[in-house]
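The lines below spell out each chain.
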Amino acid sequence: MRTIIEPFRIKSVEPIYFNTKEERQYILETADYNPFLIHSTDVIIDLLTDSGTSAMSSNQWAGIMQGDESYAGSPSFFRFQETIQQITGMPLVIPTHQGRASEKILFSILGGKGKYIVSNTLFDTTRANIEFSGAEGVDLLCKEGKHPSIPAPFKGNMDVEALKNFVAEKGAENIPLCMITVTNNSGGGQPVSMQNIKDVKEICVANGIPLFIDACRFAENSYFIKTREKGYENVSVREIAKELFSYADGCTMSAKKDAFANIGGFLAMYNEDLALQCRNLLVITEGFPTYGGLAGRDLEAIAIGLNEVLDENYLQYRIRSIEYLANKLIEAGVPIMQPAGGHAVYLDAKEFLSHIPVEQYPGQALVGALYLEGGIRSVEIGSLMFGKYDNDGNLIPAALELVRLAIPRRVYTQSHIDYVAEIIIEVFKNKTAIKGLKIIEEAQMLRHFTAKLKPIQ
Ligand SMILES: *Cc1c(COP(=O)(O)O)cnc(C)c1O
């Protein structure tokens, strides 16, 4: 097979600033071992997130110039609305400034004390918004999804049996929503199969529970269905996406992911009543329903991006480029989540740094080591992000200790990725020198964004 090339040419570039290991040592200490507190100009390759970091196309930039900034009824909104209606089939479209704003609105209405929101795996902001409403978020991930090193085609699937049992135990009346995250960001960027969505939908229908899709990476998930699920080989990704959405009653989306936009999001649904309540909250927190916290130019960029992401040459390159990095690491014996996710490679930190106990945050220690060695910024998805404390103040660890290397869309070339692999392999060879960390300061919610840590000597 021939090399799959980047399906674009570069029209505009940004410089990368290089620094030395000594400088990075100082920067890491000053940032209290938290990658969110490092300045981006001090980072050589930034794999902190694929969110809002995409390179926009020349068409999107042209759309930016065409944005109509009218307060109400802008044609940019109608293009945005029509695009989302075409892709999702959902008639009611509500723009928001990003994904979590959609979540905040949705769960302010559907959440509340005594309620349970069930999911394959809730993303951190989704879980935080659910918990902030007083409700409880429940992850019912399939068994394959819990074993990082064992490959399976759809490790993002929901555990259908566990869902049935949970509904029977808690009562459907206490479950206002089931939410499937595609792809499963917190669970390794793993896809969900169409069959799983259908099976979950059946249980939801039988119990009168609405099903929403967290659609941030709907195109990447649809491409995985095309290449891995029987019967979809010859179906276009656009049609697969349409089918996927057809089983849902609504969706939330961060346009900072598969829409190639630097900001934006939306809610879409069928239920007029729910949409009315959402819009009522929208006007007090985000803005008038035809712009919802966005500028007209953002609405244009999103509408164009949503069509571009369904280009199968792009998706082939995208999925292959992640797999390329994953394969290099697997060959070198580095423990990673397998198979590769759709937007990121996840290092298995528990295995990588097996000499560091989970109470000393091996994932965060690895994040620091990658920065120190090569200026690579990554993020811990483990007990710093999801850990809780029991009544005695002991850590209840997360199920997995992962380090996510999220690849921004259309930003880095193959040689950047080769460099990333070299650094990780070098860190892996010298791993025993890496020390665990302890938290010296933390916030109540989403603590990983601001927590301060220190190496344990
Ligand atoms: C990023 C993300 C969100 C939240 O979106 P923001 O735009 O960052 O607020 C929700 N769910 C998933 C799966 C995500 O990846």
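Keep in mind it's a predicted model, so treat the numbers as computed, not measured.

A short note on the pattern of salt bridges
Two side chains carrying opposite charge are able to pair once their charged atoms lie near each other.
No. 1: Evaluated as defined, the whole model comprises 22 salt bridges.
No. 2: A salt bridge links Glu300 to Arg79, with the shortest nitrogen-to-oxygen separation between them at 2.6 Å. In this pair, Glu300 sits in helix 11 (residues 296-308) while Arg79 sits in helix 3 (residues 75-88), placing the two residues 221 residues apart along the sequence.
No. 3: Taking the relative accessible area as the measure of exposure, Arg79 reaches 39% and is therefore partly exposed.
No. 4: When the shortest N-O distance is used, the salt bridge between Arg410 and Glu308 registers 3.0 Å. A residue pair is termed long-range when its members are at least 10 positions apart, and Arg410 in the loop between strand 14 (402-406) and helix 16 (414-429) and Glu308 in helix 11 qualify at 102 residues. Per residue, the accessibility class of Arg410 equals that of Glu308, and both read buried.

What about the side chain of Asn196?
No. 1: Looking at the secondary structure, you find Asn196 in helix 7 (residues 194-207).
No. 2: Residue class for Asn196 comes out buried when judged on its relative accessible area of 5%.
No. 3: A distance of 2.8 Å separates a polar atom in the side chain of Asn196 from the backbone nitrogen of Met158.
No. 4: Every residue in contact with Asn196, bar those within four places of it in the chain, is listed here: Asn157, Met158 and Val160.

Overview of the site of the ligand
No. 1: Contacts to the ligand come from 15 residues, most closely from Arg100, Asp214, Arg217, Ser254 and Lys257.
No. 2: Taking Arg217, its side chain carries an N or O atom lying 2.8 Å from an oxygen atom of the ligand.
No. 3: A total of 380 Å² of accessible area belongs to the ligand in isolation, and the protein chains cover 98% of it.
No. 4: Looking at the shell around the ligand, the elements with two or more residues in it are helix 4 (99-110) and helix 5 (124-132).

As for the layout of surface pockets
No. 1: In this structure, the largest pocket occupies an estimated 1500 Å³ of space.
No. 2: Ser12, Glu14, Ala55, Arg410 and Val411 are, among the 38 residues lining the largest pocket, the residues nearest its centre.
No. 3: In terms of residue class, the lining of the largest pocket is built from 18 nonpolar, 12 polar and eight charged.
No. 4: Considered as a void within the structure, the second largest pocket measures approximately 880 Å³ in volume.
No. 5: Lining the second largest pocket we find 32 residues, and of these Arg127, Met385, Phe386, Gly387 and Lys388 sit closest to its centre.
No. 6: Listed by contribution, the elements that provide at least two residues to the lining of the second largest pocket are helix 5, helix 15 (383-386) and strand 12 (388-389).

Some remarks on the packing of helix 3 against helix 11
No. 1: As a packed pair, helix 3 and helix 11 sit with axes 8 Å apart at the nearest point and diverge in direction by 25 degrees. Judged by the angle between their axes, helix 3 and helix 11 are roughly parallel. As helix 3 packs across helix 11, the resulting crossing turns out to be left-handed. Between helix 3, through Ser76, Phe77, Arg79, Phe80, Thr83, Ile84 and Ile87, and helix 11, the contact on the second element is made entirely by Gly296, Leu299, Glu300, Ile302, Ala303, Leu306 and Asn307.
No. 2: In the contact of helix 3 with helix 11, the residues fall into eight nonpolar, four polar and two charged.

Calculation criteria
- Residues numbered from 1 in each chain as written.
- Predicted model: local features only at pLDDT ≥ 70, side-chain atom pairs only at ≥ 80, totals over all residues.
- Heavy atoms only, no water.
- Salt bridge = Lys/Arg side-chain N within 4 Å of Asp/Glu carboxyl O.
- Helix = DSSP H or I, 4+ residues; strand = E, 2+ residues; numbered from the N terminus.
- Buried < 20%, exposed > 50% of the residue type's maximum accessible area, 1.4 Å probe, protein only.
- Polar contact = N/O pair within 3.5 Å; in protein donor to acceptor, adjacent residues only side chain to side chain.
- Contact = heavy atoms within 4.5 Å.
- Near = heavy atom within 4 Å.
- Areas by Shrake-Rupley, 256 points an atom, 1.4 Å probe, with all protein chains shown as cover.
- 1 Å grid on protein atoms, 1.4 Å probe; cavity = no way out; pocket = protein on both sides within 12 Å on 5 of 7 lines; lining within 4 Å.
- Points joined across faces, edges and corners; volume = space filled by probe spheres on them.
- Nonpolar A, V, L, I, M, F, W, Y, C, P; charged D, E, K, R; others polar.
- Axes fitted to C-alpha atoms, helices over the stretch in contact; angles between N-to-C directions.
- Parallel < 35°, antiparallel > 145°, perpendicular 65-115°, else oblique.
- Left-handed = near helix turned anticlockwise from the far one by under 90°.

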